[in-house]
Amino acid sequence: MSKEATLVLIKPDAAKKGLTGIVLSRLDVLQLEIVGAKVIEVSRELAEEHYKHIRGKPFFEETVEYIQGKLHGVRAILAFVFYGENAVERIREVAGATNPEKAGPTSIRGSMGRITTSGLMENLLHASSDASEAKREIQLWFSSKELRMPTGTAI
């Protein structure tokens, strides 16, 4: 087991449905340390860079607009950096599969997410997929001054 940091974004659909607190309480039971937190209006540039791995896919544009809050009328999202033993894996387990229909019924996405009739995947939160992606994403969303990492610890 190793201590690591991971990014969590509470997405616009969670805010629109009043589920932000519930999502956070489901993550809180993991007893990971929050070393970064902020409310952020997501620029197009930030959204495109975050989702660069799906650029060229037919759902890229909709995904960019989704994280920006344009599809739900939400101006800003919450971004967190959690730190602790196996943080990436533990958060992804509680979050559930990216597709809410494939997520376990007790996971956040499985119990509260959905796919709309238009095909939009509303999965409430983003959780880094692995440690290297977590590092890239944290550096994209947070400056080092915004993080309170334990002394001597790097992302």
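Remember, predicted model here, so these are calculated numbers, not experimental data.

Novice: Is there a simple way to think about the overall build of the protein in this case?
Specialist: From N to C terminus, the protein includes seven helices and six strands. Computed over its C-alpha atoms, the radius of gyration of the protein comes to 15 Å, within 12% of the 15 Å expected for a compact globule of 155 residues. Projected onto its principal axes, the C-alpha coordinates of the protein cover approximately 45 × 35 × 25 Å. Scored against the burial criterion, the 155 residues of the protein give a buried share of 48%. At a minimum sequence separation of 6, the contacts of the protein that also span at least 24 residues come to 72%. Within the structure as shown, the protein displays about 8000 Å² of accessible surface, and the carbon and sulfur contribution to it stands at 51%. Counting 21 positive and 20 negative side-chain charges, the protein places the averaged centre of each group 2 Å from the other.

Novice: Even after reading the chapter, I still don't get the nonpolar core, so can you show me in this structure?
Specialist: Side chains that are nonpolar tend, in soluble globular proteins, to be buried together. If you look at the biggest cluster of nonpolar residues, it comprises 22 residues, and the most contacted ones within it are V42, V81 and W141. With four residues, strand β3 (residues 77–85) is the largest single contributor of residues to this core. Once you skip the residues sitting within four places of it in the chain, V42 turns out to touch A47, I67, Q68, I77 and W141.

Novice: Any chance you could explain the side chain of T63 here in plain terms?
Specialist: With respect to the helices and strands, the residue T63 is situated in helix α4 (residues 60–67). Those residues in contact with T63 that lie beyond four places of it in its chain are Y51 and I54.

Novice: I'm lost on the side chain of K11 in this one. Help?
Specialist: Examined against the element boundaries, K11 turns out to sit in the loop between β1 (3–10) and α1 (12–16). Buried and without a salt bridge, K11 has D13 as its closest oppositely charged side chain, separated by 6.3 Å. There is a polar contact of 2.8 Å between the side chain of K11 and the side chain of N123. Setting aside residues up to four positions removed in sequence, K11 forms contacts with Y51, Y66, I67, I77, N123, L124, L125 and H126.

Novice: So what exactly am I meant to see when it comes to the environment of F82 here?
Specialist: In this structure, F82 sits in strand β3. Measuring from C-alpha to C-alpha, the distance between F82 and L46 comes to 20 Å, with 36 residues separating the pair along the chain. When residues no more than four places from it in sequence are discounted, the contact partners of F82 are E4, A5, T6, V8, L27, L32, E33, I34, A87 and I91.

Thresholds applied
- Residues numbered from 1 in each chain as written.
- Predicted model: local features only at pLDDT ≥ 70, side-chain atom pairs only at ≥ 80, totals over all residues.
- Heavy atoms only, no water.
- Helix = DSSP H or I, 4+ residues; strand = E, 2+ residues; numbered from the N terminus.
- Rg over C-alpha atoms; globule rule 2.2 N^0.38 Å.
- Buried < 20%, exposed > 50% of the residue type's maximum accessible area, 1.4 Å probe, protein only.
- Contact = heavy atoms within 4.5 Å.
- Areas by Shrake-Rupley, 256 points an atom, 1.4 Å probe, with all protein chains shown as cover.
- Lys, Arg positive; Asp, Glu negative; His and termini not counted.
- Charge placed at Lys NZ, Arg CZ, Asp CG, Glu CD.
- Core = buried A, V, L, I, M, F, W, Y, C linked by side-chain atoms within 4.5 Å.
- Salt bridge = Lys/Arg side-chain N within 4 Å of Asp/Glu carboxyl O.
- Polar contact = N/O pair within 3.5 Å; in protein donor to acceptor, adjacent residues only side chain to side chain.

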